[in-house]
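The lines below spell out each chain.
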There are 2 protein chains.
Amino acid sequence: MKITMRLGERSYDIIIKEGGLGRIGQLANLSRRVLVVSDSGVPEEYIRTVLAQCSAGVPVILQQGEGAKSLESFGTLLNVMYEHGFTRADTVLAVGGGVVGDVAGFAASAYMRGIRFINCPTTTLAQIDASVGGKTAVNIGGAKNVAGAFYQPSLVVADTDALKTLPPRHFVNGLAEAVKAGLLFDETLFTMFEEQDVHDCITDIIVRSIAAKQSVVERDEREKGLRATLNFGHTIGHAIESCEGLGGLYHGECVALGMLPMIEEPSVRRRVRSVYKKLGLPVHIRYDGDKIMEFIRHDKKQRADGTFTVVRLAQIGKSRLDKVTAEQLRGIIREGIR
Amino acid sequence: MKITMRLGERSYDIIIKEGGLGRIGQLANLSRRVLVVSDSGVPEEYIRTVLAQCSAGVPVILQQGEGAKSLESFGTLLNVMYEHGFTRADTVLAVGGGVVGDVAGFAASAYMRGIRFINCPTTTLAQIDASVGGKTAVNIGGAKNVAGAFYQPSLVVADTDALKTLPPRHFVNGLAEAVKAGLLFDETLFTMFEEQDVHDCITDIIVRSIAAKQSVVERDEREKGLRATLNFGHTIGHAIESCEGLGGLYHGECVALGMLPMIEEPSVRRRVRSVYKKLGLPVHIRYDGDKIMEFIRHDKKQRADGTFTVVRLAQIGKSRLDKVTAEQLRGIIREGIR
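Notes on the structure in this doc start here.

Rules used throughout
- Residues numbered from 1 in each chain as written.
- Chains lettered and ligands numbered in written order.
- Predicted model: local features only at pLDDT ≥ 70, side-chain atom pairs only at ≥ 80, totals over all residues.
- Heavy atoms only, no water.
- Pairing = 2+ DSSP bridges.
- Helix = DSSP H or I, 4+ residues; strand = E, 2+ residues; numbered from the N terminus.
- Axes fitted to C-alpha atoms, helices over the stretch in contact; angles between N-to-C directions.
- Salt bridge = Lys/Arg side-chain N within 4 Å of Asp/Glu carboxyl O.
- Buried < 20%, exposed > 50% of the residue type's maximum accessible area, 1.4 Å probe, protein only.
- Parallel < 35°, antiparallel > 145°, perpendicular 65-115°, else oblique.
- Left-handed = near helix turned anticlockwise from the far one by under 90°.
- Contact = heavy atoms within 4.5 Å.
- Nonpolar A, V, L, I, M, F, W, Y, C, P; charged D, E, K, R; others polar.
- Polar contact = N/O pair within 3.5 Å; in protein donor to acceptor, adjacent residues only side chain to side chain.
- Phe/Tyr/Trp six-rings, centres within 6.5 Å; stacked < 30°, edge-to-face > 60°.
- Lys NZ or Arg CZ within 6 Å of the ring centre and 35° of its normal.
- Least-squares fit on C-alpha atoms with pLDDT ≥ 70 in both.
- Buried area = accessible area lost by both parts, 1.4 Å probe.
- Disulfide = S-S within 2.5 Å.
- Expected span 1.5 Å × (residues − 1).

### Quick word on the sheet that holds strand 5 (residues 91–96) of chain A
Residue and element names in this part refer to chain A. Strand order in this open sheet of 7 strands is 1-2-9-6-5-3-4, and the pairing throughout is mixed. The outermost strands of the open sheet, each flanked by one partner alone, are strand 1 (2–5) and strand 4 (56–62). Direction aside, neighbouring strands of the sheet carry axes that sit 15° apart on average. As paired elements, strand 3 (residues 33–39) and strand 4 share 7 bridges and run parallel to each other. Within strand 4, the residue paired with Val37 across the bridge is Val60.

### A look at the pattern of salt bridges
Residues and elements named next belong to chain A. Per the stated rule, a full pass over the model turns up 42 salt bridges over all chains. Measuring nitrogen to oxygen at the nearest pair gives 2.9 Å for the salt bridge that ties Glu264 to Arg320. Taken together, the positions of Glu264 in the loop between helix 10 (251–259) and helix 11 (266–279) and Arg320 in strand 11 (residues 318–324) put the pair 56 residues apart, joining distant regions of the chain. Owing to a relative accessible area of 33%, Glu264 belongs among the partly exposed residues under this scheme. Exposure remark for Arg320: the relative accessible area of 33% places this residue in the partly exposed category. When salt bridges that share partners are traced, they join Glu264, Arg312, Arg320 and Asp322 into one network.

### Here we look at the packing of helix 7 (residues 187–195) of chain B against helix 11 (residues 266–279) of chain B
Residue and element names in this part refer to chain B. Direction vectors running N to C along helix 7 and helix 11 enclose 50°, while the axes themselves pass 9 Å from each other. If you check the angle between helix 7 and helix 11, you find them oblique. Our pair here, helix 7 against helix 11, has a crossing hand that is left-handed. The residues of helix 11 that touch helix 7, namely those facing Glu187, Phe190, Thr191, Phe193, Glu194 and Glu195, are Arg271, Val272, Val275, Lys278 and Leu279. Among the residues making up the contact of helix 7 with helix 11, the classes are represented as 5 nonpolar, 1 polar and 5 charged.

### Notes on the side chain of A:Gln214
All names here are of chain A. Looking at where Gln214 falls in the secondary structure, it is placed in helix 8 (residues 202–219). A polar contact of 2.7 Å, which involves the side chain of Gln214, links it to the backbone oxygen of Thr4. With near-sequence residues (within four places) excluded, Gln214 lies in contact with Ile3, Thr4, Met5, Arg6 and Val132.

### Focus: the packing of aromatic side chains
Under the counting rule described, the total for this entry stands at 3 aromatic pairs over all chains. Each member of the aromatic cluster is reached from another via a ring pair, and the members are A:Phe74, A:Phe106, B:Phe74 and B:Phe106. Directly above the aromatic system of B:Phe150 lies the positively charged group of A:Arg113, at a separation of 5.9 Å from the ring centroid.

### Thoughts on the pairing of strand 9 (residues 155–158) of chain A
All names here are of chain A. Going residue by residue along strand 9, you find Leu155 and Val157 tucked away on one face and Val156 and Ala158 tucked away on the opposite face as well. Where strand 2 (residues 12–16) lies against strand 9, 4 bridges are found, and the strand directions are parallel. Bridge assignment links Ile14 to a residue of strand 9, and that residue is Val156. For strand 6 (residues 116–121) and strand 9, the ladder comprises 2 bridges, and the chain directions are parallel. In the strand pairing of strand 9, Ile118 is matched with Leu155.

### Focus: the relation of the copies chain B and chain A
Taken as rigid bodies, chain B and chain A are interconverted by a rotation of 180° and an axial shift of 0.0 Å, the fit giving an RMSD of 0.0 Å. What the rotation and shift describe, once combined, is the action of a two-fold rotation axis. Taken as a fraction of all interface residues of chain B, those also at the interface in chain A reach 100%, which identifies the copy contact as same-surface.

### Re the interface of chain B and chain A
Taken together, the contact between chain B and chain A spans 36 residues of the former and 36 residues of the latter. Roughly 3300 Å² is buried in total at the junction of chain B and chain A, and carbon and sulfur atoms are behind 60% of that figure. Linking chain B with chain A are 0 salt bridges. Of all elements in the fold, only helix 3 (71–83), helix 4 (98–110), strand 7 (135–140) and strand 8 (143–150) of chain B reach the threshold of two or more residues within the side of chain B that touches chain A. Classifying every residue of the side of chain B that touches chain A gives 17 nonpolar, 11 polar and 8 charged.

### Let's talk about the state of the cysteines
All names here are of chain B. Per the stated rule, a full pass over the model turns up 0 disulfides over all chains. Free of any disulfide, Cys54 has its nearest neighbouring cysteine sulfur in Cys120, separated by 9.4 Å. Judged by its relative accessible area of 11%, Cys54 is buried. Here Cys120 falls in the buried class, since its relative accessible area comes to 0%.

### A short note on helix 4 (residues 98–110) of chain A
Since the α-helix advances by 3.6 residues per turn, residues separated by three or four positions end up pointing in the same direction. Residue and element names in this part refer to chain A. Taking 1.5 Å of rise per residue, 13 residues should cover 18 Å, and helix 4 covers 18 Å from first to last C-alpha, within 8% of that figure. With respect to burial, helix 4 is a largely interior element, 12 of its 13 residues being buried. Where helix 4 is concerned, the buried positions are Val99, Val100, Gly101, Asp102, Val103, Ala104, Gly105, Phe106, Ala107, Ala108, Ser109 and Ala110. Phi turns positive, to about 55°, at Met112, one or two residues after helix 4.

### Regarding unusual backbone geometry
All names here are of chain B. Look at Met112: it is not a glycine, yet its phi comes out positive at around 50°. Structurally, Met112 can be placed in the loop between helix 4 and strand 6 (116–121). Its identity as a non-glycine residue notwithstanding, Asn145 has a phi of 55°, on the positive side. You can see Asn145 is positioned in strand 8.

### Examining the sheet that holds strand 9 (residues 155–158) of chain B
Residue and element names in this part refer to chain B. Strand order across the open sheet formed by 7 strands is 1-2-9-6-5-3-4, with mixed pairing between neighbours. Each edge of the open sheet carries a strand with a single partner, namely strand 1 (2–5) and strand 4 (56–62). Adjacent strand axes in the sheet meet at a mean angle of 15°, parallel and antiparallel pairs treated alike. Packed onto the sheet, helix 4 meets strand 3 (33–39), strand 4, strand 5 (91–96) and strand 6 and runs at close to 170° relative to strand 5. The sheet strands contacting helix 8 (residues 202–219) are strand 1 and strand 2 (12–16), and the helix crosses strand 1 at an angle near 15°.

Written out as structure tokens, the structure is:
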């Protein structure tokens, strides 16, 4: 399955394919220096498979986890490329989850002011979400995605075989972004979660989620308007994720929690909770509302006039950007999830 | 004097004006958080003048010199912005030479994936060259501009009063880029150096140099072709600059030296040497050709097939991109400057 992102001279293909990792050499020219970026949680076999197809591959294995999404990792990648004599004609290739893709993509955007970037997401979350849209970033001061670049890859290869070796909680974590895509744009996708076993239709879920995001990103690549709806669940979700001591929730789990208070129609909220329960996503959490607000203030959603833009869902397929005051947002946080 | 860079939605104005620093508040909205980036070589008075016009200015003073053009400085700026709660609505403002503008611009490009950037170049070099074109960068491993971004400012204010306090060698250093602009595109500009006192016509020189670069950048913002001619003198120039122990030459001085072997017509080369002598730019240097080659290999001008693209000048106004082998380049380096 191939989806083409149509972004003018920054267009690229997303290949969704079992065994895709073993075929990258046929899909892209790897007869050049290739920085193969991965992390310690990615099976070594995947990295070996990719390196075997590169004529001059240079592997860099980051520490697994959000901590690797740092300026330090960014600097490491740039320095390794420089030491190995990388030029503008060379390539960065990421094999792993969202953290790997985000750091590697940011480094690719900056090295020589931009070299080729190939992304091979190996987690559900990265295949569904991080692989589409060209947002790269690192965290700063414990807050997510404070620094980065809009930078499109030249190719994305999502090997669905890689999902089979994921721990169950990791597998489910990524589905939260697919539930989001369904709620925002594709009721059929949402009902698949209600009616089918996700393992039976995972390729369909990934393709439909990417297609939904594709049409948004094509119309608003740099998030001037429409694309902001993709932040559904992320205002509170990022804050939950950033707050330490909240039980070490994953990104998708936080987004799942962050979407609930933004759903206005109680019947839809009930259906979403049922889907979460079926999948094994969390449906509630105890937290300190003040701490959440403090993080949101630091997050990039606050405007110059002190208000916040949040995404609210009236019905499935009907979302809107809402400007709320700090007080209103505090109310949503307080009442939304109990 | 105002020059408008026409780059679609990234268009911006360059204001060349005596006393411009005192008027930034009238030219741009500074009623927001403003990161005022400068270095220890910039007169404090300039920084105070700018801060006085900001409602919430946050000054960061880097150490003077090329060493500040580092990933460390980049990280410092990002962290300071985060700690002060900067949002997408806020601004980075650079006051200083090329180093300050390059680091501050790169940080502005990355913070929240891009916030407003105002550049106030205070050196001849920065006003003539670094302020135009949107190239931002830091050095890595001692090599120039290895990491960065194409990122256009929203406003450039070149206060020509600032040039009056520059040490003479600094003042002259920047003129090398103006000589380059004249040689490439504007014979009238070049003859100004032969026939006039530069102090009498410095504003004209700056305006003509910016105008020459403007037309190139407007046609090729991301250096896919034409813009590469602006690298005239830079292949060897950067290498000379990167080689330590060469007597601590400035950037413009290195570019001046790097242009000479790329001028094919002996009579033009003689005229250029005369201008250098009149201005006080260097006309020759002793160096180790192998060391220069080694640096050029690391520089971004090497192609995948091992050749190098250099800019050669047949006559004033007639330049071309030339693909040369390492052996040919070695010959140019050996024979060019003696």
